[in-house]
Every structure is written in structure tokens, then in C-alpha cells.
Amino acid sequence: MKSRSVPDQASACPCGRPKNYDHCCGVFHAGTPAPTPEDLMRSRYTAYVMQQGPYLLQTWASATRPEHMDFAEDGGIKWLGLEIKRASMEGESGIVEFVARYKVGGRAHRMHETSRFIRDADGRWYYLDGDVDGQ
């Protein structure tokens, strides 16, 4: 499926930081490695907002990565906001706890997840997996 449009330069980044997209997650989407698990989490959230499947797959650890991303199966999710509850890293692993708000079919929902990240020998962070509260 085709990606959603990129926010214009004056638009705040979807990840919630007070920067425009080009100077925030756009840097990572263009190929610069995210320096921390939180930066990667925020850039992945923005990739979901913009339906950038290739970026999501590229930043997913190979051990847990799905074969493809199909946004046609997402039920028309409209992402509304991201709140980082906590983020930490120690050695080659990291944790980010977040709440993402979204709507499906006009109904509001929240996803509360604690995500795990790993860093490879080249220093790149990858999403490994996560525990979603209530599931």
C-alpha cells in the first residue's frame, strides 16, 4: 500500500516532539540511525502514522520481523498521539513504555505497550517485541 503523505516542513512531527518532521523523525526515515531506543520508538510511531511499511520492517529485529506490512488490514486506524511513559537503555538493550492513542470506526482506543529494543554490532537499534497491557 502507498505511504501517506509526508507532513510539510512547518508541521509538527507526529511523534509528539516540538520539532518539525524534517528535523525530527524525517531524519531517521531518510536513513540516519536512531541513536536511542526512544528515538527509534518515536520514528516507528511516525512511520505507522504515515504508513511507511518499509521503514518499519527495516527497523524490526530479524528474529521477530513479519514478512510484510499490510496497512489495508489495519481497519482504518487513525493515530492520534504518542506519550512516552519511560525509556531506558543498558548495554545492547533498551525499553520504551508508551501509550499510543488512535481511532477505529470513530471509536477512541489506547494501546499501552512496553517495547524491547536491541542494538546490533554496527550500533543500530531495532524493535524486538513488546508487551501490550490487557492482551
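Below is a summary of the structure that appears in this document. (Residues numbered from 1 in each chain as written. Predicted model: local features only at pLDDT ≥ 70, side-chain atom pairs only at ≥ 80, totals over all residues. Heavy atoms only, no water.)

**Quick word on the side chain of S115**
How we decide: Here a strand is any run of E in DSSP of at least two residues, a helix any run of H or I of at least four, and the numbering for each starts at the N terminus. When accessible area is computed with a 1.4 Å probe and restricted to protein chains, residues below 20% of their type maximum are described as buried, those above 50% as exposed, and intermediate ones as partly exposed. In the analysis that follows, any N or O atom pair within 3.5 Å is treated as a polar contact, provided that within protein one partner can donate a hydrogen and the other can accept it, and provided that, for residues neighboring in sequence, both atoms belong to side chains. In this analysis, two residues are considered to be in contact whenever any of their non-hydrogen atoms come within 4.5 Å of each other.
If you trace the backbone, S115 turns up in strand β3 (residues 107-119). Judged by its relative accessible area of 0%, S115 is buried. A polar atom in the side chain of S115 sits 2.6 Å from the side chain of E113. Ignoring any residue separated from it by four or fewer positions in sequence, one finds S115 in contact with M41, G94, I95, V96, F98, Y127, D129 and G130.

**Quick look at the sheet that holds β3**
Let me state the cut-off plainly: Whether two strands pair comes down to DSSP finding at least two bridges between them. Note on definitions: angles span 0 to 180 degrees between N-to-C directions of axes, and those axes are lines fitted to C-alpha atoms, for helices only across the stretch in contact.
The four strands are arranged β1-β2-β3-β4 in an open sheet whose pairing can be described as antiparallel. A single partner strand is all that each edge strand has here, and the edge strands are β1 (78-90) and β4 (125-132). On average, each strand axis in the sheet is inclined to that of its neighbour by 25°, with strand direction left out of account. The strands touched by helix α2 (residues 37-49) are β1, β2 (93-104), β3 and β4; relative to β1, the strand with the most contacts, the crossing angle is about 165°.

**Some points on α2**
Stated precisely, the cut-off is as follows: Residue count minus one, scaled by 1.5 Å, sets the expected span of a helix.
Taking 1.5 Å per residue, 13 residues should reach 18 Å; α2 reaches 18 Å between its end C-alpha atoms and fits that length. Counting buried positions along α2 yields 11 of 13 residues, so the element is predominantly enclosed. Buried residues of α2: P37, D39, L40, M41, R42, S43, R44, Y45, T46, A47 and V49, and no others. Those residues of α2 that are buried lie in contact with α1 (25-29), α3 (53-58), β1, β2, β3 and β4.

**Here's the deal with the pairing of β2**
Relative to β2, β1 is paired through 11 bridges, and the arrangement is antiparallel. Each residue of the ladder has a partner; that of K78, found in β2, is K103. Taking the residues that link successive antiparallel strands as the turn, the β1-β2 hairpin has two residues, and the phi of G91 there is positive, at about 65°. With 12 bridges connecting them, β2 and β3 associate as antiparallel partners.

**Structural notes on the nonpolar core**
Where we set the bar: Each nonpolar core is a collection of buried residues, namely Ala, Val, Leu, Ile, Met, Phe, Trp, Tyr and Cys, held together in the definition by side-chain atoms within 4.5 Å.
Ranked by size, the top nonpolar core spans 28 residues in total, and within it M41, Y45, W79 and F117 carry the most contacts. Of all the secondary structure elements, the ones that give two or more residues to this core are α1, α2, α3, β1, β2 and β4. Among the elements that make up this core, the one with the highest residue count is α2 (five residues). In contact with Y45, not counting residues within four places along its chain, are P14, C15, W79, L80, G81, L82, A100 and R101.

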